[in-house]
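# Structure assessment
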Amino acid sequence: MSTVLNSKVPAGPLADKWSKHKFDLKVVNPSNKRKYDIIVVGTGLAGASAAASFGELGYNVKAFCFQDSPRRAHSIAAQGGINAAKNYQNDGDSIFRLFYDTVKGGDYRSREANVYRLAQVSVDIIDQCVAQGVPFARDYGGLLANRSFGGAQVSRTFYARGQTGQQLLLGAYSAISRQIANGKVKMYNRSEMLDVVLVDGKARGIITRNLITGEIESHSAHAVVLATGGYGNVFFLSTNAMGSNVTAAWRAHKKGAFFANPCFTQIHPTCIPVSGDHQSKLTLMSESLRNDGRVWVPKKGIKGLTAKDSVKIAEADRDYYLERRYPSFGNLVPRDVASRNAKNVCDEGRGVGATGLAVFLDFADAIKRDGRDTIEAKYGNLFDMYQQITGDNPYEMPMMIYPAVHYTMGGLWVDYNLMTTVPGLYATGECNFSDHGANRLGASALMQGLADGYFVIPYTIGDYLATLGHEKVETTHEAFVQAEKEVRDRINTLMNINGEKTVDDFHKELGKIMWEYCGMSRSEEGLKKAKGMVQELKTEFWKNVKVVGGTDELNMSLEKANRVADFLELGELMIDDAMVRAESCGGHFREESQTPEGEALRIDDKFSFVSAWEFAGDNSPENLHKEDLVFENVKLTQRSYK
């Protein structure tokens, strides 16, 4: 039976919802805030900004990260920029246009109210970051510069060369460091959350493993905020940091938090192509490069064409296929459209490089037009990184790129207050589902992470805490004792299997299944096949995985085993979700649902909903709940970037 999901979206005009809602929220008075403890798991942009904001407000905060420092969070890897509707270029941008572009870019599968709020607070994020000293690029007059990104026809992306994520993270890190020095935030580095603890149905703490000593620890609080990023590493090869995983969100899911739209993963079009089976991750080249780089392949396939030899290909023999197919947006079509077209031309046999799974991104025209110095000022660190990895000099020859798994739009289901279906458990940033629908526009991840952490959850968490008493739950409570036991038992089970295949063997195999059958292109037949394959792989994992080392020490084999066990379960749910959604939307091309021109075909009368999955026990089918999406301010149309 389907539960009615209460999104708690306030009534009234779209532009007034958030300001009215903030006034209607209960508040905790300043002298009472010091009586409440909040746990924040993850210290990337969403987590560090939330922890810093809670500390500034006066709450007692415990912040956890599995890295040795918050500066190592994967947010650091974001390159191209952060969106905000400042309209500094005077080119027609507005809060409504950013809202509209984001809903359209997400292929009309996101919640209007959340997206509009995101667009509203985007303008405050930039001011906050400038005040923190984030060195955004500036124009000749000293004003903040903007560049354009895919899916928009205005320039609204603020950037710091090709290292925007790093600079924003340093700003958030300085904010959380101030609260650590003030004693309001206690930082737990090298600690991984392995379970959430419920008392009387409410989230009241977490169980962690100290990754250095192996010690299992219990931590109590009045509320728990997850800011643990996405699950793209379910595919093994992705642009995510090696440590990025789903464990915190998945363990919360198994304690009652619904998981929304798990099959919505983003394929990024500009990544350095796979070079062989030795690779453990892929490297992203910023989407901002598509501002000046032109994407092309030969009109007729040339097997093994190198970047060095490509400069000899005559202009008349080149197919600038994005410019040809989408004249309005050209190379700045959204990521899903660019990715699918790259796959198509490679499938036609026109791909380049040794594998044939690559296309060119060419800067020759831009360098000729603007000069090398100008291009170097914009993208110099990206060009250097590309040359170090590939050996090719992109100032002299084109880059080679190919789509790769990047971001995940699915995540824990949250209401307008960012609370999951478990009272007192919140999810922020990439680990929730709320803002991007079926496809995230470039430069919107940093925007959402900081919006949630600085400008949304500091307001909404008070509404919940004000309903609680100040009493603390001790970690000697039976719920903590039981949760600790379950974590230890799971670890001991993994250690005692002593099979013959490494954790990475299983992870790679899972990744190949997910990429082949639940990646850019899907079919009912392929999904059914993949489900059986993942189930078999999961059964084999629990019989034949080999975890070396001990439990009471630094043990990366055990860390990976814990995470891959969760990825195996998540992978099966992603396939179930993809089977239910028998439409093409965003980057999720369902072969049975396409237009005569081969473009993605949405089916709005059947699939305008958020799929929210409820855990029903190990090895049992999950229960599907649906949140119907109502569009009152944008008209549902088939997306066109032509």
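Residues numbered from 1 in each chain as written. Predicted model: local features only at pLDDT ≥ 70, side-chain atom pairs only at ≥ 80, totals over all residues. Heavy atoms only, no water.

## A word on the nonpolar core
Of all hydrophobic cores here, the largest spans 147 residues; its most connected members are Phe-54, Ile-82, Ile-461 and Leu-465. One finds Ala-307, Ala-358, Ile-375 and Met-399 within the second-largest nonpolar core, a separate group that totals 40 residues. (Core = buried A, V, L, I, M, F, W, Y, C linked by side-chain atoms within 4.5 Å. Buried < 20%, exposed > 50% of the residue type's maximum accessible area, 1.4 Å probe, protein only.)

## Overview of the state of the cysteines
Counted according to the given criterion, the structure contains 0 disulfides. In this structure Cys-585 is a free cysteine whose sulfur lies 7.0 Å from that of Cys-263, the closest cysteine sulfur available. (Disulfide = S-S within 2.5 Å.)

## Some remarks on unusual backbone geometry
With phi around 70°, Leu-418 is a residue other than glycine that occupies positive phi space. On the secondary structure map, Leu-418 appears in the loop between strand E16 (411-412) and strand E17 (425-427). Leu-418 sits in the buried class, given a relative accessible area of 0%. The backbone of Asn-619 sits at a positive phi, close to 60°, despite the residue not being glycine. Of note, Asn-619 is situated in the loop between strand E20 (609-614) and strand E21 (623-628). (Helix = DSSP H or I, 4+ residues; strand = E, 2+ residues; numbered from the N terminus.)

## Digging into the layout of surface pockets
It is a probe the size of a water molecule, rolled over the atoms, that shows where empty space is left. Computed from the structure, the second largest pocket encloses a volume of approximately 850 Å³. Looking at the second largest pocket, it is lined by 30 residues, and the ones nearest its centre are Val-274, Leu-357, Lys-512, Trp-515 and Glu-516. Among the elements of the structure, strand E15 (399-408), helix H15 (503-518) and strand E18 (521-522) are those that each provide at least two residues to the lining of the second largest pocket. Looking at the lining of the second largest pocket element by element, the count peaks at 6 residues for H15. Residue composition of the lining of the second largest pocket, grouped by class: 16 nonpolar, 7 polar and 7 charged. (1 Å grid on protein atoms, 1.4 Å probe; cavity = no way out; pocket = protein on both sides within 12 Å on 5 of 7 lines; lining within 4 Å. Points joined across faces, edges and corners; volume = space filled by probe spheres on them. Nonpolar A, V, L, I, M, F, W, Y, C, P; charged D, E, K, R; others polar.)

## Thoughts on the pattern of salt bridges
One pass over the full model with this rule turns up 50 salt bridges. With its nearest N and O atoms 2.9 Å apart, the salt bridge here joins Arg-324 to Asp-319. The exposed category is assigned to Arg-324, whose relative accessible area is 52%. Linking Arg-602 and Asp-604 is a salt bridge whose minimum nitrogen-to-oxygen distance equals 2.9 Å. Classification of Arg-602 by relative accessible area gives buried; the value is 4%. (Salt bridge = Lys/Arg side-chain N within 4 Å of Asp/Glu carboxyl O.)

## Comments concerning the packing of helix H3 (residues 45-57) against helix H6 (residues 164-181)
Running from N to C, H3 and H6 point in directions that differ by 30°, and their axes come no closer than 8 Å. Of the possible angle classes, the one that applies to H3 and H6 is roughly parallel. For the crossing formed where H3 meets H6, the hand is left-handed. Note on element contacts: H6 touches H3 through Leu-168, Leu-169, Ala-172, Ala-175, Ile-176, Arg-178 and Gln-179, opposite Leu-45, Ala-48, Ser-49, Ala-51, Ala-52, Gly-55 and Glu-56. Partitioning the contact of H3 with H6 into residue classes produces 9 nonpolar, 3 polar and 2 charged. (Axes fitted to C-alpha atoms, helices over the stretch in contact; angles between N-to-C directions. Parallel < 35°, antiparallel > 145°, perpendicular 65-115°, else oblique. Left-handed = near helix turned anticlockwise from the far one by under 90°. Contact = heavy atoms within 4.5 Å.)

## A word on the side chain of Thr-265
Looking at the element boundaries, Thr-265 is found in strand E11 (residues 265-271). When its relative accessible area of 1% is taken as the criterion, Thr-265 is described as buried. Excluding its chain neighbours within four sequence positions, the residues that come into contact with Thr-265 are Tyr-231, Phe-235, Tyr-407, Thr-408, Met-409, Arg-522, Met-574 and His-588.

## Details of the domain arrangement of the protein
When the parts come together, some accessible area is lost, and that loss is often what is quoted as the size of the interface. As assigned here, the protein comprises domain 1 (14-26 + 37-264 + 409-468), domain 2 (269-404) and domain 3 (478-601). In this assembly, 8 residues from domain 2 lie in contact with 11 residues from domain 3. Interface area for domain 2 against domain 3, summed over the two sides, is near 800 Å², with a carbon-plus-sulfur share of 53%. It is Asp-336, Arg-340 and Lys-343 in domain 2 that bury the most area against domain 3; as a group they hold 52% of the surface buried on that side. Taken together, the links from domain 2 to domain 3 amount to 2 salt bridges. One salt bridge in this structure joins Arg-325 and Glu-599, with 3.1 Å as the shortest N-O distance. On the surface where domain 2 and domain 3 come into contact, there are 3 residue pairs in polar contact (both at pLDDT 80 or more). Examining the composition of the side of domain 2 that touches domain 3, we find that 4 residues originate from one element, helix H10 (residues 335-347), more than from any other. Its residues assigned to classes, the side of domain 2 that touches domain 3 comprises 2 nonpolar, 1 polar and 5 charged. (Domains from an automatic or database assignment. Buried area = accessible area lost by both parts, 1.4 Å probe. Polar contact = N/O pair within 3.5 Å; in protein donor to acceptor, adjacent residues only side chain to side chain.)

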